[in-house]
Amino acid sequence: MQKAPRLHFGIDDPDAPDVSPLIRELDSYLTELYPTGNIHPVTAEALKAPNVTFLTARIDGTPVACGALVRHDGYVEVKRMYVLPACRGLGLGKQLLDALEAEIARASGGLVRLETGTAQTEALELYEHAGYRRCPPFGEHRANPRSICMEKAIQ
C-alpha cells in the first residue's frame, strides 16, 4: 500500500534554495496573466521584514504552495499566495488560506485584506467562499481595472 503524501504548513525563509524557485514561478505566472506591467514582484528581502510572516505548504518536504502575511497599522494583508499548477484542485489553496488565517487568529485576529487580479478567477472564488468581501483599494494598492481588493474580519 502506498503511503499518502505528508502535508506540512510552516513559517519558512523565502530565500531558501528550495523555496525561491516557487517564488520565481509565482512571478512568472503573474507576468503571464498580466503582461502589461501591472505586477510588482515582492523581493525575498521584503518577505523577510519583521512585519512579515512567510508560510509554505510542503508535501513530503517539497514546497508546493506559499503565502505571506504583512502586518500594517489596523490590518494584516495576505500576499503572495500561490499553489504550483500540478497541485491545484486538491484544496491546497483553501488549506493555505486557513493556515494563514490561523496565524492571524493566534496573533489576536483583526481585519485581513488582500488584493488579487481579475484574471485569477480561482483565487476570487476561493476568497469569496472564505468570506472575503470586496472593499476599496488600501495601502499601496490604487484603483485599477485589473485589480480587486477584499477584506474579512478574523476573530
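A.B. asks: So, the packing of aromatic side chains: which residues are in play, and what are the values?
C.D. replies: The final tally for this structure, using the stated rule, is three aromatic pairs. Summarising the aromatic geometry, the rings of Tyr-29 and Tyr-82 are spaced 5.7 Å apart at their centres and angled 50 degrees between planes, so their arrangement reads as tilted. With Tyr-29 in helix α1 (residues 20–33) and Tyr-82 in strand β4 (residues 75–83), the pair connects residues that are 53 residues apart, well separated along the chain. A centroid spacing of 5.4 Å and a plane angle of 80 degrees characterise the contact between Tyr-75 and Phe-138, whose relative ring orientation is edge-to-face.

A.B. asks: Account for the layout of surface pockets, naming residues and giving values.
C.D. replies: Approximately 1,100 Å³ is the volume attributed to the largest pocket. Forming the walls of the largest pocket are 40 residues, and the residues nearest its centre are Leu-30, Met-81, Thr-116, Gln-120 and Tyr-127. When contributions to the lining of the largest pocket are tallied by element, the ones reaching two or more residues are α1, β4, α2 (92–106), β5 (110–117) and α3 (121–129). At seven residues, β4 tops the list of elements feeding residues into the lining of the largest pocket.

A.B. asks: Tell me about the pattern of salt bridges, and please be specific about residues and values.
C.D. replies: For the structure on display, the rule yields 12 salt bridges. Here Lys-152 makes a salt bridge to Glu-101, at a shortest N to O gap of 3.2 Å. With Lys-152 in strand β7 (residues 147–154) and Glu-101 in helix α2, this residue pair connects regions lying 51 residues apart in the sequence. Taken as a pair, Lys-152 and Glu-101 share a single burial class, namely buried.

Quick notes on the rules
Residues numbered from 1 in each chain as written. Predicted model: local features only at pLDDT ≥ 70, side-chain atom pairs only at ≥ 80, totals over all residues. Heavy atoms only, no water. Phe/Tyr/Trp six-rings, centres within 6.5 Å; stacked < 30°, edge-to-face > 60°. Helix = DSSP H or I, 4+ residues; strand = E, 2+ residues; numbered from the N terminus. 1 Å grid on protein atoms, 1.4 Å probe; cavity = no way out; pocket = protein on both sides within 12 Å on 5 of 7 lines; lining within 4 Å. Points joined across faces, edges and corners; volume = space filled by probe spheres on them. Salt bridge = Lys/Arg side-chain N within 4 Å of Asp/Glu carboxyl O. Buried < 20%, exposed > 50% of the residue type's maximum accessible area, 1.4 Å probe, protein only.

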